[in-house]
Amino acid sequence: MLTGTQRRQEIVNQIKGSEVPVPGKELARRYEVSRQVIVQDIALIRASGHDILSTNRGYILNAPPTVSRTFKVSHTDEQVEDELTSIVDLGGTVVNVMINHKIYGKIEAGLQINSRRKVEEFMTGLRTGKSSPLKNITSNYHYHIIEADSEHTLDMIEEMLRKKGFLVES
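Just so it is clear, the structure is predicted and the values come from calculations on it, not from any experiment.

**Observations concerning helix H4 (residues 80-89)**
Counted residue by residue, H4 has seven buried out of ten residues, so it is predominantly covered. Those residues of H4 lying buried are Val80, Glu83, Leu84, Thr85, Ser86, Ile87 and Val88. Along its buried surface, H4 packs onto strand S3 (67-74), strand S4 (93-101), strand S5 (105-113), helix H5 (116-128), strand S6 (141-148) and helix H6 (151-163). Backbone geometry just downstream of H4 places Gly91 in the positive-phi region, at approximately 100°.

**Comments concerning the pairing of S6**
Here eight bridges tie S3 to S6, and the two strands are oriented antiparallel to one another. If you follow Thr70 over to S6, its bridge partner there is Ile145. Direction of pairing for S4 relative to S6: antiparallel, over a ladder of three bridges. When the bridges of S6 are listed, Thr93 appears paired with Glu147.

**Considerations on the confidence of the model for the protein**
In this model, the protein carries an average pLDDT of 93, and 99% of its residues clear a pLDDT of 70 or more. Of all helices and strands in the protein, the one with the weakest mean pLDDT is helix H1 (residues 4-17) (91), whereas H4 scores best (98).

**Some remarks on the pattern of salt bridges**
Where charged atoms from two side chains of opposite charge approach closely, those side chains can pair. Scanning the model with the defined rule gives 15 salt bridges in all. We note a salt bridge from Glu147 to Lys16, for which the minimum N-O separation is 3.1 Å. Of the two residues, Glu147 is situated in strand S6 and Lys16 in helix H1; the sequence distance between them amounts to 131 residues. The exposure class of Glu147 is buried, given its relative accessible area of 15%. Notably, a salt bridge pairs Glu151 with Arg69, separated by 2.6 Å at the nearest N-O pair. With Glu151 in helix H6 and Arg69 in strand S3, this pair connects stretches of sequence that are 82 residues apart.

The rules we used
Residues numbered from 1 in each chain as written. Predicted model: local features only at pLDDT ≥ 70, side-chain atom pairs only at ≥ 80, totals over all residues. Heavy atoms only, no water. Buried < 20%, exposed > 50% of the residue type's maximum accessible area, 1.4 Å probe, protein only. Helix = DSSP H or I, 4+ residues; strand = E, 2+ residues; numbered from the N terminus. Contact = heavy atoms within 4.5 Å. Pairing = 2+ DSSP bridges. pLDDT = per-residue confidence, 0-100. Salt bridge = Lys/Arg side-chain N within 4 Å of Asp/Glu carboxyl O.

Shown next, in the form of structure tokens:
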């Protein structure tokens, strides 16, 4: 059973990945929740910054087309802010963080960090919370899906990660 946060992230991914409007009834059936829960989820998704439009045929994402790339990176706790700030300054959105744990498998958390303000909020959460970054479970190795407006922007982000020594080359 998915948590509400996981369900909302999957809803965003489903709407983003669809070339046609996604009906609320279909979402309710897929996630085994009521149509009202989907309406509430869409409101929360909108509040988190996604421009979801309601049409008579379903939900669509009103956003410019984006491209994405997965990067394997490694850095210290002290370098987290530098990594995130450098990515958003070049026009990237840090969609998530993922690790591959030898026992538990793939563990992923949605981030949607696309501005210095969101980097600051994330860093405040790390500093004041009782949790440490997910990367610490795997000796600093982790993955990010990064979205941007073009392959050129992703290339610039990749080069920056390489120059700073964060990029893990395959």
